[in-house]
Amino acid sequence: SSDLGHWRFFLRAQAMVRLAEEEIEGHRSRTSKLNANKALDKEHEGKSLQEILDLPPSALRGLAGQADELLRAFKVHTVRELGEWKMAKMAHAISTMADCETDDVDKHS
């Protein structure tokens, strides 16, 4: 989908924010296969989620460096802020509920 609430970079950042809440520093097993490498530019692969969250949004693979400047206008400077971006969260909630609307607000069935 092309709307802000389903923008893949927002959704990935949001998922990383949530998963980072469970991350325990220094407790990653060497045999662990769970990673976000395909979502990151090559130079950031292998970093912890906490490290990733402090990077600029352009650290996400496919998001050009110029996006950092555009996102700064919305006070989004890091992957963490992108995942916690209030406007994107609202857009996601609205688009999720959109198919529950009726043309007549007084109609309930």
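In this convention, every chain numbers its residues from 1, walking through the sequence in written order. For a predicted model such as this one, the threshold for reporting local features is a pLDDT of at least 70, and the threshold for listing and counting side-chain atom pairs is 80 or more; totals across whole chains, interfaces and linings nevertheless cover every residue. No hydrogens and no water enter the side-chain calculation; it runs on all heavy atoms of the structure.

Undergrad: Honestly, the overall build of the chain in this entry has me stumped. Any pointers?
TA: Each helix and strand in the chain was counted, giving five helices and zero strands. Out of the 109 residues belonging to the chain, those deemed buried represent 28%. A separation of at least 24 residues holds for 54% of the contacts in the chain among residues at least 6 apart in sequence. For the purposes of this entry, the term helix denotes a DSSP run of H or I that reaches at least four residues, the term strand denotes a run of E that reaches at least two, and both are numbered from the N terminus. Here the term buried applies to any residue with accessible area under 20% of the maximum for its type, exposed to any over 50%, and partly exposed to those in between, with areas from a 1.4 Å probe on protein chains only. Contacts are assigned to residue pairs with any non-hydrogen atoms lying within 4.5 Å of each other.

Undergrad: What is the right way to look at the pattern of salt bridges in this model?
TA: When the charged atoms of two side chains lie near each other, side chains of opposite charge can form a pair. A pairing counts as a salt bridge when a side-chain nitrogen of Lys or Arg comes within 4 Å of a carboxyl oxygen of Asp or Glu. Throughout the structure, instances matching the rule amount to five salt bridges. For the salt bridge of Glu45 with Arg61, the shortest nitrogen-to-oxygen distance reads 2.7 Å. Placement of the pair is Glu45 in the loop between helix H1 (8-20) and helix H2 (49-53) and Arg61 in the loop between H2 and helix H3 (66-72), with a sequence separation of 16 residues. Note on Arg61: relative accessible area 32%, which makes it partly exposed. Taking the shortest distance from any N to any O, the salt bridge between Arg80 and Asp54 comes out at 3.3 Å.

Undergrad: Which parts of the structure should I look at to understand the packing of H1 against helix H5 (residues 86-97)?
TA: Lines are fitted to the C-alpha atoms to define the axes, a helix being fitted only along its stretch in contact, and any angle between axes, read from their N-to-C directions, falls within 0 to 180 degrees. Contact geometry for H1 and H5: axes closest at 11 Å, N-to-C directions at 105°. Relative to H5, the element H1 is oriented roughly perpendicular. On the side of H1, the interface is formed by Phe10, Leu11 and Gln14, while H5 contributes Ala88, Lys89 and His92. Basically, the charged four are Asp, Glu, Lys and Arg, the nonpolar ten are Ala, Val, Leu, Ile, Met, Phe, Trp, Tyr, Cys and Pro, and anything else, Gly included, counts as polar. Of the residues assigned to the contact of H1 with H5, the class counts are three nonpolar, two polar and one charged. Oblique is the label for any angle not covered by the other classes, which are roughly parallel (under 35 degrees), roughly antiparallel (over 145) and roughly perpendicular (65 to 115).

Undergrad: Sorry, what's going on with unusual backbone geometry here?
TA: Excluding glycine, most residues fall at negative phi; most peptide bonds, likewise, are trans. With phi around 65°, Lys75 is a residue other than glycine that occupies positive phi space. Mapped onto the secondary structure, Lys75 falls in the loop between H3 and helix H4 (79-83).

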